[in-house]
Amino acid sequence: MGVRLVLAGVCAMAWSAAARADVAIPPSLRIEAEVTAIFEAPAENPLRMPTDVAVDAARRVYVADGTNDRIVRFARGGQVDALITKGGGRELKQPVGVSVDAQGRVWIADTGNGRILIIASNGQATESVSLPVPRGTDRTDPTDVAVTPDGKRAYVVDNDNHRLLLRDNANGLWTVLGSKGRGLGRFEWPFMVCVGAEGYVYVTEVINARVQRITPDDRWAGAIGRWGVEAGQLYRPKGVAADRQGRLYVSDSTLGVIQAFGARGVVEGVLTDGLGAPLRFDHPMGMCFDGDGRLFVVELGANRVAVVTIRAAAPIEKQSNRDGQRGGP
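Residues numbered from 1 in each chain as written. Predicted model: local features only at pLDDT ≥ 70, side-chain atom pairs only at ≥ 80, totals over all residues. Heavy atoms only, no water.

**Student:** Describe the side chain of Asp141, naming the residues involved and giving the relevant values.
**Tutor:** On the secondary structure map, Asp141 appears in the loop between strand 11 (125–130) and strand 12 (142–147). Among the residues examined, Asp141 registers a relative accessible area of 8% and is labelled buried. Apart from the residues within four sequence positions on either side, Asp141 is in contact with Thr111, Val157, Asp158, Asn159, Asp160 and Asn161. (Helix = DSSP H or I, 4+ residues; strand = E, 2+ residues; numbered from the N terminus. Buried < 20%, exposed > 50% of the residue type's maximum accessible area, 1.4 Å probe, protein only. Contact = heavy atoms within 4.5 Å.)

**Student:** So what's going on with the pattern of salt bridges? Which residues, and what values?
**Tutor:** Scanning the model with the defined rule gives 19 salt bridges in all. The salt bridge involving Arg182 is made with Glu188; its shortest N-O contact spans 3.4 Å. On the basis of relative accessibility, which here comes to 11%, the residue Glu188 falls in the buried class. Salt bridges here are not isolated pairs; linked through shared partners, they connect Arg139, Asp141 and Asp160. (Salt bridge = Lys/Arg side-chain N within 4 Å of Asp/Glu carboxyl O.)

**Student:** Break down the packing of aromatic side chains for me, with residues and values.
**Tutor:** One pass over the full model with this rule turns up five aromatic pairs. Here the aromatic rings of Phe39 and Phe296 are separated by 6.0 Å at their centres, their planes lie at 45 degrees, and the arrangement is tilted. Placement of Phe39 in strand 1 (residues 30–39) and of Phe296 in strand 25 (residues 295–299) is noted, with a sequence separation of 257 residues between them. With relative accessibility at 1%, the residue Phe296 sits in the buried group. Ring geometry for Tyr249 and Phe289: centres 5.4 Å apart, planes at 65 degrees, overall edge-to-face. Taken as a pair, Tyr249 in strand 21 (residues 248–252) and Phe289 in strand 24 (residues 284–289) lie far apart in primary sequence, 40 residues in all. Judged on exposure class, the residue Tyr249 and its partner Phe289 are both buried. Joined through ring pairs, the aromatic side chains of Phe39, Phe74 and Phe296 make up one cluster. Taking the ring centre of Phe191 as reference, the NZ or CZ of Lys238 above it sits at 5.9 Å. (Phe/Tyr/Trp six-rings, centres within 6.5 Å; stacked < 30°, edge-to-face > 60°. Lys NZ or Arg CZ within 6 Å of the ring centre and 35° of its normal.)

**Student:** Please give an account of the pairing of strand 24 that cites residues and values.
**Tutor:** With six of six residues buried, strand 24 is to be regarded as a mostly interior element. Taken together, the four bridges between strand 24 and strand 25 define a ladder with antiparallel strand orientation. The residue bridging Met287 from the neighbouring strand is Val297, located in strand 25. Counted along the chain from strand 24 to the antiparallel partner strand 25, the turn is five residues long, and its residue Gly293 has a positive phi close to 85 degrees. (Pairing = 2+ DSSP bridges.)

**Student:** For the sheet that holds strand 8 (residues 97–100), give the residues involved together with the corresponding values.
**Tutor:** Taken together, the four strands give an open sheet; going across it, the order is 8-9-10-11, and neighbouring strands pair in antiparallel fashion. Both outer strands of the open sheet, strand 8 and strand 11, are each paired with one neighbouring strand and no more. Ignoring strand direction, the axes of neighbouring strands in this sheet form an average angle of 15 degrees. Across five bridges, the pairing between strand 9 (residues 106–110) and strand 10 (residues 115–119) is antiparallel. Opposite Asp110, over in strand 10, you have Arg115 as the bridge partner. (Axes fitted to C-alpha atoms, helices over the stretch in contact; angles between N-to-C directions.)

Structural measurements only, silent on function.
Next comes the structure, spelled out in structure tokens:
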């Protein structure tokens, strides 16, 4: 039997903090890490069930605070210095995802309004992007957005419509990737997306309990993880982030842990404390890395963002450009 990330014999859906019984992760699967800072809003105006985080080149931290219909910006020192509540002629409505591109623009998945809002580094809204509405429905449900380093492409997760949207930022044209289903190239409630090493794109799926991998030229390149509660398996994956070395980190909201995978999907370990027990988070959601290699983790259950310094990790595997299959079902 593999290394279980929950108490043996306890159903994960009924698992509570009181029922957790952490046992040491084997040394070969340990990625020692430590929470070294916390970002929280003032008690009189707190975050409420935040979902995503992004950090710009100036180390300002943007948090999607959708229950409050806003994006909260923290200065590098941790104090709130701005609230983004509107743009493009409309108030924000339940934004879920947020990202910062290489030019310092903030991309907001304004979920309740079914759009992407782009904010310039000076804080001014520059564009409100409507999404293509699929046949048979009257709405879109963007829950996350990620932009390629060169700024040429944006990937938008359309959760309720079970698809990934690809935007050519030069001409504004859209390509639809995926449809509802369980096979390769299909989605069931995709949630968050990131662009990793060599331009590979990674999308989490909550119900299918996996991360799908897509090549830079839009081929399906397999899946990472499968349903389960052991190391290398995923129960309710939510956030996904890639470090500079190509390693992929996935948050599991129900199990409260973060696992790391090589770019091609081999599990590399679990974030652990100094004693080898899993490092626990309160319903972890969206994640990102800053320029110093620190991992920012949204804790929905604790209404805050944890900043994680990763102390040690195993060598990573190499990505193969021969991965993938053309197109989707």
